[in-house]
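For reference, the chains in residue letters:
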Amino acid sequence: MTTPAMPFEARADALLAELAKSGQLKSLQMIEGPMGPRVHLREYGDVLCFCSNNYLGLANHPDVVEAGIAGLREFGAGTASVRFICGTFTPHEMLEATLAEFLGVEAAYTFVSCWNATEAALPTLAEPTDAIVSDELNHACIIDSMRLATSIKKGVKKFIYKNNDLANMESKLREAAGSIGADGQVWVITDGVFSMEGSLADLPAMRKLCDQHGAMLVVDDSHGTGVLGKTGRGTHEHHNMAGAEIDLFTGTLGKALGGGAGGYIAGRRNAIEVIIQRARPTLFSNALPVTVACSANKAVRILMEEPERVDKLRENVKYAREGVTKAGFEVIDSPTAICPIIVGDTAKAISMSKRLLELGVYVIGFGYPVVPEGTARLRVQISAAHERAHLDELVDALKKL
Ligand SMILES: Cc1ncc(COP(=O)(O)O)c(C=O)c1O
């Protein structure tokens, strides 16, 4: 008997050949050492890193590393279970209390990633009589979470509004409120900081509109937490809002909060309780590794004790944005640590990023399918771990492009 051909083989080869031909094939850089303002790449040696989410420089902070080692020694490597069976350890409880305290909300619950947390949130909390209203530029995990919610809970309706367009949001909100069933709930979900633009959601205006229509406001503040606001609480603090004014946060532990991994949902206690009882990622997927929970807990405590880290980040962001703009590049104006330089073509973004690496500066070019076709960009990310001299080197390298 002859073995039938596998159509996938030809499909995969054709895709990879096409990506290589058009200059869009991504190559993964191997980092040989810890994450910091400089990293050691196998192919390029020591380079300045301007593409990590290590916004506060906590990824390799000695106390964060030590907390992880102590956790590993005390609790071992594996949780060996999902949370509701025997996978909940005291460091989970400690981290969740710390996160709730930090954000000023009733409760928090952790996951192995923010992707996982977001996939738990909407499909669990929305019911078939509900509607979800979402910004068109929301992160991919929100988009997929909505797809999952509408397919698992048949009847959930979704409404997408133009990025940061409050008039369009209000009109979609009205439509959504008119579409729900008798006990239906409207959910409005937005990124706090849009990850490819570095722009901010207008949370006070959104809160007002949500209150007018009885809608719950959910904010993914993965790029705002630890970065924005006087004490780094996030986008809401930047807008002088208390944490409790946001019904639910989703967030990551893999960016400013230690640069490890993990995610969380935080906010109203009853929503967290429903997530614990019903969310499929909590019922069917292992707990966050304890060593990561210990490191993340230490990172959040350091941030609470040393808010000057956020001041340093803010100063670096201002200095870098001014330097990049003076060098003749157009950067969307905002106080965030994400400074995207739009170059248009994906292949161009990738080749500019390669040239920067040759100049000792690590900045990634983002193109389709991460951003829409024709809007490829170099995304420069600033950290509190950078010194002025690093930021000057970045600008000099950009000038050489
Ligand atoms: C806005 C936003 N939400 C969620 C995520 C996913 O976070 P995690 O890596 O914890 O899954 C990211 C990461 O890129 C993000 O930028």
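Residues numbered from 1 in each chain as written. Predicted model: local features only at pLDDT ≥ 70, side-chain atom pairs only at ≥ 80, totals over all residues.

### Quick word on the site of the ligand
Alright, step 1. Near the ligand there are 13 residues, and of these Ser113, Cys114, Trp115, Ser222 and Thr252 occur at the shortest range.
Alright, step 2. Of the residues in the shell around the ligand, the class split is three nonpolar, eight polar and two charged. (Near = placed C-beta within 6 Å. Nonpolar A, V, L, I, M, F, W, Y, C, P; charged D, E, K, R; others polar.)

### Quick look at the domain arrangement of the chain
When the parts of a complex come together, some accessible area is lost, and that lost area is often used as the size of the interface.
Alright, step 1. If you check the domain split of the chain, you get domain 1 (22-51 + 307-400) and domain 2 (62-305).
Alright, step 2. Distance from the C-alpha centre of domain 1 to the C-alpha centre of domain 2: 27 Å.
Alright, step 3. Facing 16 residues of domain 1, the contacting portion of domain 2 comprises 15 residues.
Alright, step 4. Those elements that place two or more of their residues in the side of domain 1 that touches domain 2 are helix 13 (308-326) and strand 10 (338-344).
Alright, step 5. Classifying every residue of the side of domain 1 that touches domain 2 by side-chain character gives twelve nonpolar, two polar and two charged. (Domains from an automatic or database assignment. Contact = placed C-beta atoms within 7 Å. Helix = DSSP H or I, 4+ residues; strand = E, 2+ residues; numbered from the N terminus.)

### A word on the sheet that holds strand 11 (residues 361-362)
Alright, step 1. Pairing is mixed in the open sheet, where three strands are placed in the order 1-2-11. With partners counted over all chains shown, the strands left at the sheet margins are strand 1 (38-41) and strand 11, one partner each.
Alright, step 2. The sheet contact formed by strand 2 (residues 45-49) and strand 11 spans two bridges and is parallel. Bridged to Leu48 within strand 11 is Val361. (Pairing = 2+ DSSP bridges.)

### Looking at the pairing of strand 13 (residues 376-381)
Alright, step 1. Counted residue by residue, strand 13 has six buried out of six residues, so it is predominantly covered.
Alright, step 2. What you see with strand 13 is no split at all: Ala376, Leu378 and Val380 on one side and Arg377, Arg379 and Gln381 on the other are buried throughout.
Alright, step 3. Pairing of strand 10 with strand 13, which is carried by six bridges, proceeds in the antiparallel orientation. Across the sheet, Ile338 pairs through a bridge with Gln381, a residue of strand 13.
Alright, step 4. In terms of strand pairing, strand 12 (residues 364-366) meets strand 13 through three bridges, oriented antiparallel. Across the sheet, Phe366 pairs through a bridge with Arg377, a residue of strand 13. (Buried ≥ 20, exposed ≤ 12 C-beta atoms within 10 Å, placed from the backbone.)

### Let's talk about the sheet that holds strand 8 (residues 248-252)
Alright, step 1. Pairing is mixed across the open sheet formed by seven strands, whose spatial order is 3-9-8-7-6-4-5. Looking along the sheet, the strands with just one partner apiece sit at the ends: strand 3 (107-111) and strand 5 (157-161). Adjacent strand axes in the sheet meet at a mean angle of 20 degrees, parallel and antiparallel pairs treated alike.
Alright, step 2. Pairing of strand 6 (residues 186-191) with strand 7 (residues 215-220), which is carried by six bridges, proceeds in the parallel orientation. Bridging from a neighbouring strand, Ile189 pairs with Val218 of strand 7.
Alright, step 3. Packing against the sheet, helix 5 (residues 114-125) makes contact with strand 3, strand 4 (131-135), strand 6, strand 7, strand 8 and strand 9 (263-267), and its axis sits at approximately 45 degrees to strand 9. (Axes fitted to C-alpha atoms, helices over the stretch in contact; angles between N-to-C directions.)

### A closer look at the nonpolar core
Where a protein is soluble and globular, its nonpolar side chains tend to be buried together.
Alright, step 1. Counting 116 residues, the largest nonpolar core has Ile132, Val133, Trp187, Val188 and Ile265 as its most contacted members.
Alright, step 2. Broken down by element, the residue count for this core peaks at eight residues, all from helix 12 (residues 290-305).
Alright, step 3. Three or more residues apiece are contributed to this core by two domains, here domain 1 (22-51 + 307-400) and domain 2 (62-305).
Alright, step 4. Apart from the residues lying within four places of it in its own chain, the contact partners of Val133 are Phe159, Tyr161, Met169, Lys172, Leu173, Ala176, Val186, Trp187 and Val188. (Core = buried A, V, L, I, M, F, W, Y, C linked by C-beta atoms within 7 Å.)

### Some words on helix 15 (residues 388-400)
Alright, step 1. The end-to-end C-alpha distance of helix 15, which contains 13 residues, comes to 19 Å, matching closely the 18 Å that a straight helix rising 1.5 Å per residue would cover.
Alright, step 2. Looking at helix 15, one finds that the buried residues are Leu391, Leu394, Ala397 and Leu398. Across the axial projection of helix 15, the buried residues extend over an arc of 120 degrees, all falling on one side. Exposed residues pointing more than 90 degrees away from the buried face of helix 15 are listed as Arg388, Ala389 and Lys400.
Alright, step 3. Where helix 15 is buried, its residues meet strand 2, helix 13, helix 14 (346-358), strand 11 and strand 13. (Expected span 1.5 Å × (residues − 1). Arc of directions from axis to C-beta.)

### A word on the environment of Leu137
Alright, step 1. Relative to the assigned elements, Leu137 resides in the loop between strand 4 and helix 6 (140-152).
Alright, step 2. Take Leu137: there are 21 C-beta atoms within 10 Å of it, and that puts it in the buried class.
Alright, step 3. Each C-alpha atom of the pair Leu137 and His390 lies 31 Å from the other, and the pair is 253 residues apart in sequence.
Alright, step 4. Each residue touching Leu137, except ones within four places of it in the same chain, is listed here: Asn163, Phe194 and Glu197.

### Here we look at the packing of helix 13 against helix 15
Alright, step 1. One way to put it is that helix 13 packs onto helix 15 with a least axis distance of 9 Å and a crossing angle of 20 degrees. Of the possible angle classes, the one that applies to helix 13 and helix 15 is roughly parallel. The two elements helix 13 and helix 15 meet at a crossing, and its hand is right-handed. Counted together, Asn316, Tyr319, Ala320, Gly323 and Val324 of helix 13 and Arg388, Leu391, Leu394, Val395 and Leu398 of helix 15 form the full contact between these two elements.
Alright, step 2. Across the contact of helix 13 with helix 15, the residue classes tally to seven nonpolar, two polar and one charged. (Parallel < 35°, antiparallel > 145°, perpendicular 65-115°, else oblique. Left-handed = near helix turned anticlockwise from the far one by under 90°.)

### Points about the environment of Trp187
Alright, step 1. Tracing the chain through its elements places Trp187 in strand 6.
Alright, step 2. Classification of Trp187 by C-beta neighbours within 10 Å gives buried; the count is 25.
Alright, step 3. For the pair Trp187 and Asp247, spaced 60 residues apart in sequence, the C-alpha to C-alpha distance is 9.9 Å.
Alright, step 4. Contacts of Trp187, omitting those with residues within four sequence positions, involve Leu122, Ala126, Asp130, Ile132, Val133, Ala215, Met216 and Val218.

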